[in-house]
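# Architecture at a glance
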Amino acid sequence: MIRTIAAATLMTVPTLALAQTLEIQPVTDNVWAIVGETEQRSPANLANNATFGLVVTDEGAVLIDPGGSYKGAKILHEAIRGITDQPVTYVINTGGQDHRWLGNSYWQETGAKVIASEAAVADQLARGSMQLSTLAQLLGDGLEGTDPSHADITFVTDHILDFGGLSFEIMHRGSAHTPGDAFVWLDERNVMFTGDIVYVDRILGTGPAHNVKSWIGVFEAMAAFDPRHIVPGHGNATDLNKARRQTYDYLVNLRTQTGELIEAGGDIMDAPTIDQSDWSYLKQFDSLSGSNAQATYEQMEWE
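Since the structure is predicted, the reported quantities are computational estimates derived from the model, not experimental observations.

Our next topic: the overall build of the protein. Each helix and strand in the protein was counted, giving six helices and 13 strands. In terms of overall size, the protein behaves like a compact globule, its C-alpha atoms giving a radius of gyration of 19 Å where 303 residues would be expected to give roughly 19 Å. Expressed as lengths along the three principal axes of its C-alpha atoms, the size of the protein is roughly 65 × 40 × 35 Å. A burial count over the protein gives 57% of its 303 residues as buried. Pairs at least 24 residues apart make up 67% of the contacts formed inside the protein by residues separated by at least 6 positions. Considering the protein, the positive charge centre built from 18 side chains and the negative charge centre built from 39 side chains are found 5 Å apart.

Okay, here's the thing in structure tokens:
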């Protein structure tokens, strides 16, 4: 059974809250954003401090990103059961950050198949131990049951999942927040699931890839599809204009301002003083803007 919320009625349907850490937001026909907190990982959010996507079909559901821990995936499943009785048949990992893959084993136990880029799996293998050590400090007992598990299906640059009468085009176009980030285009619904390629409502972190130049190019490749709806990696379901303002324009400003600093003879300790004030309204700005500037400076020095 599919519990359908028609696109025409989306504006009148109240957002549903789950366990104070996840919000279910209708996007379009049988497509939802499941939105986690924009703050740090904690025992309350179980590393589900991110946004996840869900598409429901007559054959089952497709989940974009599995949750940040085994228990986080279980909480995510509870949210999904409030939307549909259909089983989650496929899970797509959009990258190598913890909430993009550390819930995999929960879903694989239920019979779901996991899909990820080879670059994402390589990143997960490289950073998994460090991620688990960090989460042990942040989640405590909330990390129990979390065992690293990787994709059943991998691809280099492109993979098409034809399922439930829909075609999910999964594309890896280079490093963004992490080296293996991918976006998922659902043409039949005019929806783009971006993973950590797009942040809204909070400031992005330049991330483990530390490659702002590549991230800008990946965003441009995603934006070329001109999606009507975007389910981002962090923040509420949105549109391309807001995604561009709060992610792309910020990244471009980082490189522009940092380049001017380098040309003027400034060093890495001066980087946090570059002008990022147009984005100061975003959550976590004060904690991340300085380190973003320094990471960008370090990258550009080596170009």
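Computed from the structure, the largest pocket encloses a volume of approximately 550 Å³. Around the largest pocket sit 27 residues that line it, and Q40, R41, Q97, H177 and P208 are the ones nearest its centre. Breaking the lining of the largest pocket down by element, the ones donating at least two residues are α3 (118–139), β12 (191–199) and α6 (285–301). For the lining of the largest pocket, the element with the highest residue contribution is α3, accounting for five residues. A breakdown of the residues in the lining of the largest pocket according to their chemical character gives six nonpolar, 15 polar and six charged.

For the rest of this paragraph, the subject is empty space enclosed by the protein. In the structure shown here, the tally under the stated rule is one cavity of 30 Å³ or more. The computed volume of the largest cavity comes to approximately 30 Å³. As for the largest cavity, its lining consists of T51, F52, G53, I64, D65, R100, G195, V231, P232 and G233. The set of elements that each furnish at least two residues to the lining of the largest cavity consists of β4 (51–57) and β13 (229–234). Per-class residue counts for the lining of the largest cavity are four nonpolar, four polar and two charged.

Summarising burial for strand β3 (residues 31–35): five of the five residues are buried, a large majority. Side chains of β3 alternate between two faces, with V31, A33 and V35 and W32 and I34 buried alike. Connecting strand β2 (residues 22–28) to the next strand, β3, in antiparallel fashion are two residues, including N30 with a positive phi near 60°. Looking at chain direction, β3 and β4 are connected through five bridges and run antiparallel. Bridge assignment links I34 to a residue of β4, and that residue is F52.

Along the chain, the position of A224 falls in the loop between α4 (212–223) and β13. The class of A224 is exposed, set by a relative accessible area of 65%. When the C-alpha atoms of A224 and Q246 are compared, they prove to be 17 Å apart, with 22 residues separating the residues in sequence.

Enumeration over the complete set of coordinates arrives at eight aromatic pairs. Each ring, one from Y199 and one from W215, has its centre 6.2 Å from the other, and the planes form 55°; the classification is tilted. Taken together, the residues Y199 in strand β12 and W215 in helix α4 connect sequence positions 16 residues apart. Taken as a pair, Y199 and W215 share a single burial class, namely buried. Here the aromatic residues Y70, Y106 and W107 are joined through ring pairs into a cluster of three or more.

What counts and what doesn't
- Residues numbered from 1 in each chain as written.
- Predicted model: local features only at pLDDT ≥ 70, side-chain atom pairs only at ≥ 80, totals over all residues.
- Heavy atoms only, no water.
- Helix = DSSP H or I, 4+ residues; strand = E, 2+ residues; numbered from the N terminus.
- Rg over C-alpha atoms; globule rule 2.2 N^0.38 Å.
- Buried < 20%, exposed > 50% of the residue type's maximum accessible area, 1.4 Å probe, protein only.
- Contact = heavy atoms within 4.5 Å.
- Lys, Arg positive; Asp, Glu negative; His and termini not counted.
- Charge placed at Lys NZ, Arg CZ, Asp CG, Glu CD.
- 1 Å grid on protein atoms, 1.4 Å probe; cavity = no way out; pocket = protein on both sides within 12 Å on 5 of 7 lines; lining within 4 Å.
- Points joined across faces, edges and corners; volume = space filled by probe spheres on them.
- Nonpolar A, V, L, I, M, F, W, Y, C, P; charged D, E, K, R; others polar.
- Pairing = 2+ DSSP bridges.
- Phe/Tyr/Trp six-rings, centres within 6.5 Å; stacked < 30°, edge-to-face > 60°.

Take it as geometry only, folks, not as evidence of what the structure does.
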